[in-house]
Amino acid sequence: MLDPQFIRDNPDLVKTGAANKKSPVDIDKLLSLDERRRSIILDVERLKSVRNAKSPDIARLKKEKKEAEAAALLAEMKTLSEKVKELDEKQKAVEDEIRGVSIWIPNMPHASVPHGTSAADNVTVSQWGSEPSFDFAPKDHLQLGTALDIMDFPRGAKVAGAGFPVYKGAGALLERALINFFLDTHTLTNGYREIFPPFLVNADSLFGTGQLPKSQDQMYYIGEDQLYCIPTAEVPVTNLHRDEMFEAERLPVKYCAYSACFRREAGSYGKDTKGFLRVHEFNKVELVKFVAPETSYDEHESLRGDAEGILRALGLKYRVLLLCDADLSFAAAKCYDLEAWAPGEKKFLEVSSVSNFEDFQARRMNIRFRPKAGEKPRFVHTLNGSGLATARILVAILETYQTSSGSIRVPEVLQPYMHGMKEIVKI
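Residues numbered from 1 in each chain as written. Predicted model: local features only at pLDDT ≥ 70, side-chain atom pairs only at ≥ 80, totals over all residues. Heavy atoms only, no water.

Of regular secondary structure, the chain possesses twelve helices and 16 strands. The principal-axis extents of the C-alpha atoms in the chain amount to approximately 105 × 45 × 40 Å. In the chain, of all internal contacts separated by at least 6 residues, the share reaching a separation of at least 24 is 74%. By element, 50% of the accessible surface of the chain is carried by carbon and sulfur atoms, the whole surface being about 20,400 Å². A gap of 3 Å separates the mean positions of the 58 positive and 61 negative side-chain charges of the chain. (Helix = DSSP H or I, 4+ residues; strand = E, 2+ residues; numbered from the N terminus. Contact = heavy atoms within 4.5 Å. Areas by Shrake-Rupley, 256 points an atom, 1.4 Å probe, with all protein chains shown as cover. Lys, Arg positive; Asp, Glu negative; His and termini not counted. Charge placed at Lys NZ, Arg CZ, Asp CG, Glu CD.)

Structure below.
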């Protein structure tokens, strides 16, 4: 959530930021409610001041045996207390209204974020690697995986429904190799601490990271238990420190976590849903950071570098996009998308989003740090990024490393995780 004082001081900026993110909110209504709330608080404080000032008089009058005057003053204080109670109820009602508006206000785009109207206005900031060349017509991942019998979408659909893949044989091994390679790189080389989180979370957790209420239609919900299947490990991992206080010297805190991810993909009609391009369940290693505000954007670049390092190690051509404000998520202040080239699809595929949320999530979760002993606590900045999601990485690997015979060369860094296998062939 945004700092209420920031909204009071910058109403036009907030209106513009929300509109640019395609999340219009009635800021004028919010400010009007805020004025009413502060007016009620002043009235309550005034009445309580009167009550506190006159309370000793009751004891004095009773001590002086002036029972009638004491009774009259008691009656006056009772009326005053009833007014205070009535105002307290009005204040709570107004605060509930304020919350009802505030939770729909998105995070503001950082000053370095370009303005745009759609994803077409995202800016390519860098590119790495060369496009693979073939002396044959390259196939797409679905053709390759089906021919090698390493993936099975029809049986996945039979078991669960469309968009729930089955990995088989070397395909299952490759998926597991990717997960373990990602985790080992981030823990042993990049300094993250591994977490294995729950895959189900409560509504408070999803509110904290900003998925609720904005993206409720995208999630699988278990009504009987009031639990949600996680859309990303960002949710449980960031919420580990909800309502907690860090000591400054402990920052930055860096976590990585593997999880399955579940997304309904509501509204994806008309998009490319072939094979692994858009699935309801996929695997991902997530990177999460809790940092001091002063180092926030340096840590953001470092996080991006950690994700890029995986793509380079796999030898995949990729590009980095800086998202425009219209394409930013509800909670992000700035985001880079990393896209790997898939020659069979003849296009780049998003494999990671690396986001800085500044203190937006921390305010929703009440995650703070104490800069120095005796100083007022401040909210941390939270960041996260995919490091990486496997589904589209699998697509890029199959299509980049395919051979004319239909086999798949295994990237060198993955071979130790695949029991020395150098090539995937049909068995």
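From this point, things continue past the structure.
Looking now at the side chain of threonine 400. Position of threonine 400 relative to the elements: it lies in helix α12 (residues 390-400). We classify threonine 400 as buried; its relative accessible area is 10%. With sequence-adjacent residues up to four places away left out, threonine 400 is seen in contact with Pro132, Phe134, Leu316, Trp341, Pro343 and Arg409. (Buried < 20%, exposed > 50% of the residue type's maximum accessible area, 1.4 Å probe, protein only.)

Turning next to unusual backbone geometry. Between leucine 212 and proline 213 the backbone carries a cis peptide bond, its omega angle lying at 5 degrees. Of note, proline 213 is situated in the loop between α8 (203-209) and β4 (221-222). The omega torsion across glycine 387 and leucine 388 is 15 degrees, close enough to zero to call that bond cis. Here leucine 388 lies in strand β14 (residues 381-389). Of note in this structure, lysine 22 is not a glycine but carries a positive phi near 60 degrees. Note that lysine 22 resides in the loop between α2 (11-20) and α3 (27-63). By relative accessible area, which is 52% here, lysine 22 ends up exposed. Even without being a glycine, aspartate 243 presents a positive backbone phi close to 60 degrees. With respect to the element layout, aspartate 243 can be found in the loop between α9 (234-238) and β6 (245-247). Residue aspartate 243 is classed as exposed on the basis of its relative accessible area of 55%.

Looking now at the sheet that holds β4. Read across the sheet, three strands follow the order β3-β5-β4 without closing on themselves; strand pairing throughout is antiparallel. Each edge of the open sheet carries a strand with a single partner, namely β3 (200-201) and β4. Here β3 runs beside strand β5 (residues 227-229); their pairing, made up of two bridges, is antiparallel. Residue valine 201 lies in a different strand from β5, and its bridge partner there is tyrosine 228. (Pairing = 2+ DSSP bridges.)

Looking at the secondary structure, you find isoleucine 222 in strand β4. C-alpha of isoleucine 222 to C-alpha of tryptophan 341: the two residues are 119 residues apart in sequence and 37 Å apart in space. The contact partners of isoleucine 222, leaving out residues within four places of it in the chain, are Leu200 and Leu227.

On to the pairing of β14, then. Most of β14 is tucked away, with nine of its nine residues classed as buried. Sheet topology places strand β8 (residues 281-291) next to β14; seven bridges connect them, and they run antiparallel. The partner of lysine 284 across the bridge, within β14, is alanine 389. Of the pairings in the sheet, the one linking strand β11 (residues 347-356) to β14 comprises three bridges and is antiparallel in character. Across the sheet, the residue bridging to valine 354 is glycine 385, located in β14.

Once that is clear, we can look at the packing of helix α7 (residues 170-189) against α12. Look at α7 against α12: their axes get within 11 Å of each other, and the N-to-C directions meet at 115 degrees. In terms of orientation, α7 lies roughly perpendicular with respect to α12. Between α7 and α12 lies a crossing whose hand is right-handed. Along its contact with α7, which presents Leu174, Glu175, Leu178, Ile179 and Phe182, the element α12 presents Thr390, Ile393, Leu394, Ile397 and Leu398. (Axes fitted to C-alpha atoms, helices over the stretch in contact; angles between N-to-C directions. Parallel < 35°, antiparallel > 145°, perpendicular 65-115°, else oblique. Left-handed = near helix turned anticlockwise from the far one by under 90°.)

Generally speaking, soluble globular proteins have nonpolar side chains that are buried together. In this structure, Phe182, Leu311, Leu314, Ile393 and Ile424 are the most contacted members of the largest nonpolar core, which totals 60 residues. If one sorts the elements of this core by residue count, α7 sits on top with nine residues. Those residues in contact with isoleucine 424 that lie beyond four places of it in its chain are Leu148, Ile150, Ala170, Leu174, Ser407, Ile408, Val410 and Met418. (Core = buried A, V, L, I, M, F, W, Y, C linked by side-chain atoms within 4.5 Å.)

Time to look at the pattern of salt bridges. Scanning the model with the defined rule gives 24 salt bridges in all. Glutamate 131 is the salt-bridge partner of lysine 317, the closest N and O atoms lying 3.6 Å from each other. Remark: glutamate 131 occurs in the loop between β1 (123-128) and α5 (141-148) and lysine 317 occurs in the loop between α10 (296-313) and β9 (318-322); sequence separation between them is 186 residues. Take lysine 317: its relative accessible area is 12%, and that puts it in the buried class. Close ionic contact of glutamate 345 with lysine 274 constitutes a salt bridge, the shortest N to O distance being 3.0 Å. Taken as a pair, glutamate 345 in the loop between β10 (334-342) and β11 and lysine 274 in the loop between β7 (253-262) and β8 lie far apart in primary sequence, 71 residues in all. Since its relative accessible area comes to 12%, glutamate 345 is described here as buried. Its relative accessible area of 28% is what places lysine 274 among the partly exposed residues. Among the charged side chains, a network of salt bridges with common partners joins Arg8, Asp34, Glu35 and Arg38. (Salt bridge = Lys/Arg side-chain N within 4 Å of Asp/Glu carboxyl O.)

The analysis is restricted to geometry; functional conclusions fall outside its scope.
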